[in-house]
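For reference, the chains in residue letters:
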Number of protein chains: 4
Amino acid sequence: MSEHKTVAIVGGSGYAGGEFLRLALGHPNLKVTQVTSERSAGLPVSMVHPNLRGRTNLKFIKAGALEDADIVVLALPHNSAAKRIVEFEAKGRVIVDLSADFRLKDPEVYRATYGEDHPTPEKLGEWVYGNPELHREELRGATRIACAGCFATSVILALYPLIKLGVLLPRDVVATGLVGSSAAGASASDSSHHPERAGSLRVYKAVGHRHTAEAQQELPGNFPLHLTAISTPLVRGILTTAHAWIPDGYSDRDVWSAYREVYGNEPFIRIVKVAKGIHRYPDPMLLDGTNYCDIGFEMDVDTGRVVLMSAIDNLVKGTAGHALQCLNIAHGWEETLGLEFAGLHPA
Amino acid sequence: MSEHKTVAIVGGSGYAGGEFLRLALGHPNLKVTQVTSERSAGLPVSMVHPNLRGRTNLKFIKAGALEDADIVVLALPHNSAAKRIVEFEAKGRVIVDLSADFRLKDPEVYRATYGEDHPTPEKLGEWVYGNPELHREELRGATRIACAGCFATSVILALYPLIKLGVLLPRDVVATGLVGSSAAGASASDSSHHPERAGSLRVYKAVGHRHTAEAQQELPGNFPLHLTAISTPLVRGILTTAHAWIPDGYSDRDVWSAYREVYGNEPFIRIVKVAKGIHRYPDPMLLDGTNYCDIGFEMDVDTGRVVLMSAIDNLVKGTAGHALQCLNIAHGWEETLGLEFAGLHPA
Amino acid sequence: MSEHKTVAIVGGSGYAGGEFLRLALGHPNLKVTQVTSERSAGLPVSMVHPNLRGRTNLKFIKAGALEDADIVVLALPHNSAAKRIVEFEAKGRVIVDLSADFRLKDPEVYRATYGEDHPTPEKLGEWVYGNPELHREELRGATRIACAGCFATSVILALYPLIKLGVLLPRDVVATGLVGSSAAGASASDSSHHPERAGSLRVYKAVGHRHTAEAQQELPGNFPLHLTAISTPLVRGILTTAHAWIPDGYSDRDVWSAYREVYGNEPFIRIVKVAKGIHRYPDPMLLDGTNYCDIGFEMDVDTGRVVLMSAIDNLVKGTAGHALQCLNIAHGWEETLGLEFAGLHPA
Amino acid sequence: MSEHKTVAIVGGSGYAGGEFLRLALGHPNLKVTQVTSERSAGLPVSMVHPNLRGRTNLKFIKAGALEDADIVVLALPHNSAAKRIVEFEAKGRVIVDLSADFRLKDPEVYRATYGEDHPTPEKLGEWVYGNPELHREELRGATRIACAGCFATSVILALYPLIKLGVLLPRDVVATGLVGSSAAGASASDSSHHPERAGSLRVYKAVGHRHTAEAQQELPGNFPLHLTAISTPLVRGILTTAHAWIPDGYSDRDVWSAYREVYGNEPFIRIVKVAKGIHRYPDPMLLDGTNYCDIGFEMDVDTGRVVLMSAIDNLVKGTAGHALQCLNIAHGWEETLGLEFAGLHPA
């Protein structure tokens, strides 16, 4: 007998909410009952997410009309979910938040990062950081899941095995994220205006990226982490390179073994390091719509530096797919359920 | 009890073969047993189609090592399949050809179109033109399926309801296809060199496009059909506009009714004509990886001209997905099996 | 002795005004004295047009602070220039309007096209339609220049020789314009949002394009003209194909001769029709920043149909460069002055 | 009295040679007399560089037909110029080499970098490294100019002021270059095939980039320099970010002053660091066709880390324009001659 859960999506007119909706509609155990949007209430969801034409007859409702559901997915702007969390907790047993509101454990770090006090600091401890590769056991049966940030995920998954195996030296790690335009959301702005963006490479956060805090939380260790984010002409995708230092004598093969050891059984991590051909390293081009995080690396044996590379679709493994993977674990379902899409080539 | 069929793909290193492979790997009733490539024999298929990493351990074999399979899919260059068709017929009961070799019924038309005699004209009558919307009944139980051409499909599906309902006037129809770069195949060439193509709009066939012949075969009537094909910076996708004339007095609503009447039950055709918003008409952007053909139109009531628009992914509804839909029908399976992907937004 | 003229640009924060500013700054006989922008008054023009960093210290002023200049260039939204034309006429002897306000000679056609009465119909006769190839003699000494529309220019220049030589048959002409995103202007909107536009091909005007009126005005004859406009992922550029019918017996060579006869001495028209290679026809990719209109064609000798192709940069030959060419003629200067840029390859 | 010099371009069918040709045709003091291409000998240069249609009637010749010229520009593949340098020296007084053959002073470094002995090590001392910002005085009257590498130029110009002012600390510098597809040259390859490149972000050199050697030569100091190069969907352009460490207490304003002090009079360097708007930092989008290097930075005051950013057009400031600037200096001409193009916005 199959087990069905109802899902309500709050803030479903943005890209993250729309992507979760797409995935949930294709998930055998989920039934989407409501999708809210203040701006588009009354319109068919397929008007805003035209890929869903013929897939659903749902219409947006206002959040005020939200009814109970087994699972409530919050796809609101940052700092909106926390302020209304009690309201949402009354609607569903399981809450998934796609925003940054509940990712950080330490209210002080939250304040330093987001520039204001957390509205419900006492609740931060209830939430699991939504990253299956690091927190799978905590996710089983979890009812509060704070989905990890997209750039943070690409950084964390690239570096985690070095941390876990204790080989990351306490030296500066420089990570550069190349990011597609969908990461900035569905609202038109001057910086997203096609003529200004189509041929552009633009550093949008040179220092002080907010995801630094969650990456440091998840990657304990005595190493300074420096994140720089650059916008690219891609729509979806993040490619992150991270320069890290490991002890002398580590070979390419040693690093390979380390990543195999840590990630060998992960359903959504692929180690991509091929000797020849044009697809030797991770490339977000191949990941649109998929939940994969592809990870590669190259050793600079003379200096003990390893250049790590990770690629994800920011809206899937970076947001909605990652969240669904967490939900699958939380409910004890097959972890890949609803996340089977292989990706396209060419794309 | 589920029914499984084995599939062998001949010529699997190109984009069409690779796309069929991707779809077949996700199809519950198909089991891909062999994939041939003379150039890449011995390599894992995921080396050439890196989206399939972790999805299959198949390696390319040479065609000479081909063994029997229930279904043989031919993804060879035009004019290669027909010359060796007896060889392939010995390997499988059902043959699907993705090339142009068996699409035309009339050997004379074939010669006029392709500039040489057909090698096995006596066999042309055995093949069903692989278009479910026009030939569903013939496809049931079919064992020879000649998959329709991609540009031809976009033209045929746009115009077919006017033909079927007898309202297309005998005047010139001008159809313009805007085509992505994947339609030219997987081999690098001067015209596909990224610096020469990325920002380019280039007419590559102003007059005399070969798909004219199959479009005319499938769209009987006394109207001259003029096809022009233009390459665009998209990778996947065809957007076709076709200017056709219908009798005075036909309103926008009449045309809508006509298309609903003909396509109302089609699982992969969506009529897209929305009064407002930015997604008012078909757009190939939304169709990457899907088997949809989206069709829209606009009436010029003063002149009786209707501007039809159709969008497809050239590799899916234009090739491999269309072929799989035909196979589903041929085997009596659910028509949408393995073709459920909804497409991405944004993309 | 060089002759200098002062120029004021009204509405200089948009793309058309910015492009005229770029060209004027590089013109040896022009001195830009003022640039207005209500929204950006007080800011350096290089803040809005960052390509001009280090090229000018001009700051935007409000239109109310406009002083006299030899030439006033109006780069305002459609229907703004005409309403204030008396005000602008008081500021300068020569007025160039980049909008549609003064292009049409007939107030009735204006009303039918733009949906309202022209505010100053009595002045329409004073303006020269700003197209040097058709109106060079009228432009000499002209003081009112209504710069031609960008899509209209690509259509007019493609068809004009057939009209001039009297060989265009009175049959339907279908013209399709593929247009870059800069043609929609500098203001962000849902349709220009990068994630929605980057991979898109979208018909934005299937029937009833407003440029039909000016194209018909400039191309007298008894042929119905049908314009369809499609947005593409390019930023700059228009590629237009036009299907026209000419008498039986006309060969490819005849058409070539006709175009050579009409355009042989034109400094900015190149006939592009090459037997081999990848650059056989016009391609807007090659024209970014240039004032060229490249024109090519292909004959369908069986039907007497000629497929014409024209490519321009919508902001240069489509707007600001075209206007500057007109100004050069009006002042008796070398026609190519300030318009020498060759364009880039690759681009 | 104007002074004219004749120029012969050896290897003119590639992108570097074609770009030099474009610039030289627009230079008032240069007259291009010959352009060689073994592959395209006999064809008009505009067949290969279609932007030059109507600009020149030159045809490619074979290198064997090379005659004397005042200036010989070598645009050959790496390691081709040095092997035939005596032959070319006999043809012209001034030799400009666009390849890497004469950039390195130390034959040992050359061997370590390029994997073979330099064919004419005794000549290395005769060449000036072609970077005006560092070697302007040496370039005056120079007759052997080894044009700097494109990625190297972006790294060198970003870091040079810190070196010159002695504030760069001896810590690891991580520099990441995002590179357009034209940097890989004009020959089609699997990696440049449009469907594989258009949506791709691909690390192509994670460690051991060859330009490290010339950057280290030009940036003396005790700091390890790590270069990573990533291919992007741009055609032209390099955006480099470099993470460098400077002493505690340096403020944003101090760094600004340092860059102003060193580059304040440079005609082709612009310091781009704007407090608001979307064009706050360097962006290669704005530089297509220009000789600018735009440089920006952001301080991480807590750590003393400065994130430097530099943007160039790899074919202009990265190659042909840089070379022409050197030639202008060598001949005592105005340094900006022939390099006046401002760049486009939008682009």
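Residues numbered from 1 in each chain as written. Chains lettered and ligands numbered in written order. Predicted model: local features only at pLDDT ≥ 70, side-chain atom pairs only at ≥ 80, totals over all residues. Heavy atoms only, no water.

### Notes on the sheet that holds strand β4 (residues 69–74) of chain B
Residue and element names in this part refer to chain B.
Turning to step 1, where the next piece is worked out: Ordered by their spatial adjacency, seven strands build an open sheet running β3-β2-β1-β4-β5-β7-β6, and the pairing between neighbours is parallel. A strand with exactly one partner marks an edge of an open sheet, and here the two such strands are β3 (60–61) and β6 (128–130).
Turning to step 2, where the next piece is worked out: Relative to strand β7 (residues 144–147), strand β5 (residues 92–97) runs parallel, the two sharing three bridges. Looking at β7, one finds that Asp97 is bridged to Ala146.
Turning to step 3, where the next piece is worked out: The strands touched by helix α1 (residues 15–25) are β1 (5–10), β2 (30–36) and β4; relative to β2, the strand with the most contacts, the crossing angle is about 155 degrees. (Pairing = 2+ DSSP bridges. Helix = DSSP H or I, 4+ residues; strand = E, 2+ residues; numbered from the N terminus. Contact = heavy atoms within 4.5 Å. Axes fitted to C-alpha atoms, helices over the stretch in contact; angles between N-to-C directions.)

### So, the domain arrangement of chain A
All names here are of chain A.
Turning to step 1, where the next piece is worked out: When the domains of chain A are assigned, the result is domain 1 (5–148 + 317–331) and domain 2 (151–314).
Turning to step 2, where the next piece is worked out: A C-alpha centroid distance of 25 Å is found between domain 1 and domain 2.
Turning to step 3, where the next piece is worked out: Taken together, the 24 residues of domain 1 in the interface contact 28 residues of domain 2.
Turning to step 4, where the next piece is worked out: Carbon and sulfur atoms supply 50% of the area buried between domain 1 and domain 2, which totals about 2100 Å² over both sides.
Turning to step 5, where the next piece is worked out: There are three salt bridges connecting domain 1 and domain 2.
Turning to step 6, where the next piece is worked out: Counting every contact that joins domain 1 to domain 2 gives 15 residue pairs in polar contact (both at pLDDT 80 or more).
Turning to step 7, where the next piece is worked out: Here the side of domain 1 that touches domain 2 gets six residues from one element, more than from any other, and that element is helix α10 (residues 316–331).
Turning to step 8, where the next piece is worked out: Taken together, the residues of the side of domain 1 that touches domain 2 sort by class into seven nonpolar, 10 polar and seven charged. (Domains from an automatic or database assignment. Buried area = accessible area lost by both parts, 1.4 Å probe. Salt bridge = Lys/Arg side-chain N within 4 Å of Asp/Glu carboxyl O. Polar contact = N/O pair within 3.5 Å; in protein donor to acceptor, adjacent residues only side chain to side chain. Nonpolar A, V, L, I, M, F, W, Y, C, P; charged D, E, K, R; others polar.)

### Brief notes about the packing of aromatic side chains
Residues and elements named next belong to chain D.
Turning to step 1, where the next piece is worked out: Throughout the structure, instances matching the rule amount to 26 aromatic pairs over all chains.
Turning to step 2, where the next piece is worked out: Ring centres 6.1 Å apart and planes at 20 degrees place the aromatic pair Tyr259 and Phe297 in the stacked group. Taken together, the residues Tyr259 in helix α9 (residues 252–263) and Phe297 in strand β13 (residues 293–300) connect sequence positions 38 residues apart.
Turning to step 3, where the next piece is worked out: You can call Phe297 buried: its relative accessible area is 1%.
Turning to step 4, where the next piece is worked out: With centroids separated by 6.1 Å and ring planes inclined at 65 degrees, the aromatic side chains of Phe268 and Tyr292 adopt a geometry described as edge-to-face. With Phe268 in the loop between α9 and β12 (269–271) and Tyr292 in the loop between β12 and β13, this residue pair connects regions lying 24 residues apart in the sequence. (Phe/Tyr/Trp six-rings, centres within 6.5 Å; stacked < 30°, edge-to-face > 60°. Buried < 20%, exposed > 50% of the residue type's maximum accessible area, 1.4 Å probe, protein only.)

### Let's talk about the packing of helix α6 (residues 150–164) of chain D against helix α8 (residues 211–218) of chain D
Residues and elements named next belong to chain D.
Turning to step 1, where the next piece is worked out: Between α6 and α8, the shortest axis-to-axis distance is 9 Å and the interhelical angle comes to 35 degrees. The two elements α6 and α8 meet at a crossing, and its hand is right-handed. Taking contact as the criterion, the partners of Cys150, Phe151, Ala152, Val155 and Ile156 in α6 are, on α8, His211, Glu214, Ala215 and Glu218.
Turning to step 2, where the next piece is worked out: Looking at side-chain class alone, the contact of α6 with α8 contains six nonpolar, one polar and two charged residues. (Left-handed = near helix turned anticlockwise from the far one by under 90°.)

### Some words on the UniProt feature "active site" (unreviewed entry) in chain A
Residue and element names in this part refer to chain A.
Turning to step 1, where the next piece is worked out: Look at the UniProt record and you will see "active site" (unreviewed entry) annotated at Cys150.
Turning to step 2, where the next piece is worked out: Tracing the backbone through its elements, the reader meets Cys150 in helix α6 (residues 150–164).
Turning to step 3, where the next piece is worked out: Among all residues touching Cys150, those that are not within four sequence positions of it are His211, Ile238, Ile312, Asn314, Gly318 and Thr319. (UniProt positions renumbered as here; feature names shortened; annotations may be inferred.)

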